[in-house]
Amino acid sequence: SALADTEATSSHMHDVMLSYSHADATFARLLVRTLRAAGLSVWIDEEQLEGGVRSLEAIGAAVCLCRCMVPVLSSRRTESKWCSDELGLAYTNRKLIFP
């Protein structure tokens with residue numbers, strides 16, 4: 001893929017930052033496995049945040065330092081302020097967004 005072929009730089013932590021409602025965690029985990037099988041590095045909160053505690057700073061860094069964001073779209077996502085904030089930050093930082 002174009003993302004995997006792009007030369008890595010120290011300014012990018014992961015190829016993909018996955019944004020999802022925790023109600024969609026089962027699907028999100030499947031998507032992570034699929035993206036990794038395609039050779040992409042993926043940031044997902046449940047693996048990166050200590051003890052599962054949501055950290056505004058860590059999530060913000062993940063959004064700002066990823067190559068692109070993949071928001072998992074669902075009716076439950078619209079109820080999550082976290083998801084809205086993550087998407088807004090990605091948009092503001094001119095990240096590629098692949099829903």
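The structure under discussion appears in the preceding block.
Within each chain, residues carry numbers counting from 1 in the order of the written sequence. The predicted origin of the model limits local features to residues at a pLDDT of at least 70 and limits the giving and counting of side-chain atom pairs to 80 or more, whereas totals for whole chains, interfaces and linings rest on all residues. Each side-chain value is worked out from all heavy atoms of the structure, with water and hydrogens disregarded.

Visitor: In this structure, what is going on with helix α4 (residues 56-65)? I would like to understand it.
Guide: Think of an α-helix as 3.6 residues a turn; residues three or four steps apart then line up on the same face. Any residue under 20% of the maximum accessible area for its type is buried, any over 50% is exposed, and the rest in between are partly exposed; the area is computed with a 1.4 Å probe on protein chains only. Runs of H or I in DSSP of at least four residues are treated as helices and runs of E of at least two as strands, each being numbered from the N terminus. Among the residues making up α4, those that are buried are Ile59, Gly60, Ala62 and Val63. Viewed along the axis of α4, the buried residues span an arc of 160 degrees, placing them on a single side of the element. Those residues of α4 that are buried are in contact with β1 (16-19), β2 (42-43), β3 (68-71) and α5 (81-92). Read the arc as the range of directions from the helix axis to the C-beta atoms. In this description, contact between two residues means that some pair of their heavy atoms is separated by no more than 4.5 Å.

Visitor: Sorry, what's going on with unusual backbone geometry here?
Guide: Excluding glycine, most residues fall at negative phi; most peptide bonds, likewise, are trans. A positive phi is found at Arg94, a non-glycine position, where the angle reads about 55 degrees. On the secondary structure map, Arg94 appears in the loop between α5 and β4 (96-97).

Visitor: Looking at this model, I keep getting lost on the sheet that holds β1. Mind explaining?
Guide: Sheet strands associate in pairs through backbone hydrogen bonding, adopting either a parallel or an antiparallel arrangement. In this analysis, strands are considered paired if DSSP registers two or more bridges between them. Taking strand neighbours across the sheet as the criterion, the 4 strands line up as β2-β1-β3-β4 in an open arrangement whose pairing is parallel. A strand with exactly one partner marks an edge of an open sheet, and here the two such strands are β2 and β4. Here β1 runs beside β3; their pairing, made up of 4 bridges, is parallel. Bridging from a neighbouring strand, Val16 pairs with Cys68 of β3.

Visitor: Can you help me understand the packing of α4 against α5 in this one?
Guide: A packed helix pair is summarised by two numbers, namely the angle formed by the two axes and the spacing between the axes. Comment: axis = line fitted to C-alpha atoms, over the contacting stretch for helices; angle = value between 0 and 180 degrees taken between N-to-C directions. Between α4 and α5, the least distance of the axes is 9 Å, while the angle of their chain directions is 40 degrees. When the axes of α4 and α5 are compared, the pair comes out oblique. When you trace α4 past α5, the crossing you get is right-handed. Of the residues in α5, those touching α4 at Leu56, Ile59, Gly60, Val63 and Cys64 are Trp82, Glu86, Leu89 and Ala90. The residue inventory of the contact of α4 with α5, partitioned by class, reads 7 nonpolar, 1 polar and 1 charged. Small angles under 35 degrees read as roughly parallel and large ones over 145 as roughly antiparallel, with 65 to 115 read as roughly perpendicular and the rest as oblique. Take the far helix as the reference: if the near one is turned anticlockwise from it by less than a right angle, the crossing is left-handed, and if turned clockwise, right-handed. Under the scheme applied, nonpolar residues are Ala, Val, Leu, Ile, Met, Phe, Trp, Tyr, Cys and Pro; charged residues are Asp, Glu, Lys and Arg; polar residues are all the others, including Gly.

Visitor: Would you explain the pairing of β3 in this entry?
Guide: Burial of β3 is two-sided: the residues Cys68 and Val70 facing one way and the residues Met69 and Pro71 facing the other way are all buried. Sheet topology places β3 next to β4; 2 bridges connect them, and they run parallel. When the sheet's bridge partners are listed, Cys68 is paired in β4 with Leu96.

Visitor: Mind showing me how you'd approach the nonpolar core here?
Guide: A general feature of soluble globular proteins is that nonpolar side chains tend to end up buried together. The nonpolar core is taken to be a set of buried Ala, Val, Leu, Ile, Met, Phe, Trp, Tyr and Cys residues, with the residues joined through side-chain atoms within 4.5 Å. Counting residues in each nonpolar core, the largest one holds 14 residues, and the members touching the most others are Val16, Leu18, Tyr20, Leu31, Leu35, Val42 and Ile44. Listed by contribution, the elements that provide at least two residues to this core are β1, α2 (25-37) and β3. Filtering out sequence-adjacent residues up to four positions away, Tyr20 remains in contact with Ala25, Ala28, Ile44, Asp45, Glu46, Val72, Arg77, Cys83 and Glu86. Formed by 9 residues, the second largest nonpolar core is a distinct cluster that contains Trp43, Leu49, Ala62 and Cys66.

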